[in-house]
Amino acid sequence: MSAYVLPVPPVASLRIEGRDERFPVHRIYCVGRNFAEHAKEMGAEVSRGTPVFFMKPADAVVPDGGDVPYPTATQDLHHEVELVVALGAGSDDIVPIDRASAMIFGHGVGLDLTRRDLQAQAKEKRLPWDISKGFDHSAPVSALVPLAGRAHPGGGDLLWLEINGERRQQAPLSEMVFAVADIIHELSKLFALRPGDLIFMGTPAGVAALKPGDAFRAGVDGLTEFSGRIVG
Ligand code: MN
């Protein structure tokens, strides 16, 4: 058996409601511009043919929320509340839309934290988004709710975010431009999907700045909610 020259990094993982075992995070895929009203507030068009994807490192997850450190190098940290889909199965091949839902282990709710000032600069200069999206602690996520027999979240289920008790973002999941099965299908054209992958499904309108001390509470009605605080 070979040894490693360095300690093996810990596996990023999420709590699972009602279970002692944790969910190991393999990759974090994120969908951009998946709610028309949010795309509009960002000055972008929604194109039905081509979802926008970007990624965060697996160890950007902040399990269960709690204290989330305000990142370096930004004056404009934004919240984006999103449905999070957790895959329990993978595929080396393109996943047909009608088989996509069977790959889902469960769901949660998360924040796609964004250094909006750096993202604006990246867009302007046509540079990659990584430093604006894939920084440390940029992905607080609730405990996952296993699918196991319940209905998939969707339809009129409300996705929402409150900051210091005030509702900032809210929309029914039916307003997503690309449904979860569409997104799994599209991602599978680009990547070998694996058990442990998370997909952040995009945010509704109402994104705005966070500051140290802000308390957040986010949820999907009928699914779960979680809370935490931005610390300076
Ligand atoms: Mn987002």
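Structure: see above.
Note that this is a predicted model, so its numbers are computed, not measured.

Chemist: Would you take a moment to explain helix H3 (residues 116-125) for this structure?
Modeler: Counting along an α-helix, one turn takes 3.6 residues, and residues three or four places apart therefore face a common direction. Taken as a whole, H3 has its buried residues at Arg-116, Leu-118, Gln-119 and Ala-122. One side of H3 carries all its buried residues, which in axial view fall inside an arc of 160°. The outward face of H3, more than 90 degrees from its buried face, is lined by the exposed residues Glu-124 and Lys-125. Within two residues after H3, Arg-126 carries a phi angle of roughly 55°, on the positive side.

Chemist: I tried to follow the sheet that holds strand S14 (residues 166-172) on my own but got confused; where do I start?
Modeler: Strand pairing in a sheet is mediated by backbone hydrogen bonds. Such pairs are either parallel or antiparallel. Strand order in the open sheet made by the 5 strands is S6-S17-S16-S13-S14, with mixed pairing throughout. Of all the strands in the sheet, the pair left with one neighbour each is strand S6 (66-69) and S14. Sheet twist, expressed as the mean angle between neighbouring strand axes with direction ignored, is 20°. Inspection of the sheet shows S6 paired to strand S17 (residues 224-231) by 4 bridges, in the parallel sense. Along S17, the bridge assignment pairs Val-68 with Ile-230.

Chemist: How do you make sense of the side chain of Ser-132 when you look at a structure like this?
Modeler: Assignment of secondary structure puts Ser-132 in helix H4 (residues 130-133). Not counting chain neighbours up to four residues away, the residues in contact with Ser-132 comprise Leu-113, Thr-114, Arg-115, Leu-118 and Gln-119.

Chemist: Quick question: what am I supposed to make of the nonpolar core here?
Modeler: When a protein is soluble and globular, its nonpolar side chains tend to lie buried together. Leu-83, Ile-184, Ile-199 and Met-201 are the most contacted members of the largest nonpolar core, which has 43 residues in total. Of all elements in the fold, only strand S3 (28-32), strand S8 (81-87), strand S9 (104-111), strand S13 (158-163), helix H5 (180-188), strand S16 (215-220) and S17 reach the threshold of two or more residues within this core. It is H5 that provides the largest number of residues to this core, a total of 5 residues. Those residues in contact with Ile-184 that lie beyond four places of it in its chain are Leu-87, Val-95, Ala-100, Met-103, Ile-104, Leu-193 and Ile-199. Among the nonpolar cores identified, the runner-up in size contains 20 residues, and Ala-12, Ala-58, Ala-60 and Leu-144 belong to it.

Conventions adopted
Residues numbered from 1 in each chain as written. Predicted model: local features only at pLDDT ≥ 70, side-chain atom pairs only at ≥ 80, totals over all residues. Heavy atoms only, no water. Buried < 20%, exposed > 50% of the residue type's maximum accessible area, 1.4 Å probe, protein only. Helix = DSSP H or I, 4+ residues; strand = E, 2+ residues; numbered from the N terminus. Arc of directions from axis to C-beta. Pairing = 2+ DSSP bridges. Axes fitted to C-alpha atoms, helices over the stretch in contact; angles between N-to-C directions. Contact = heavy atoms within 4.5 Å. Core = buried A, V, L, I, M, F, W, Y, C linked by side-chain atoms within 4.5 Å.

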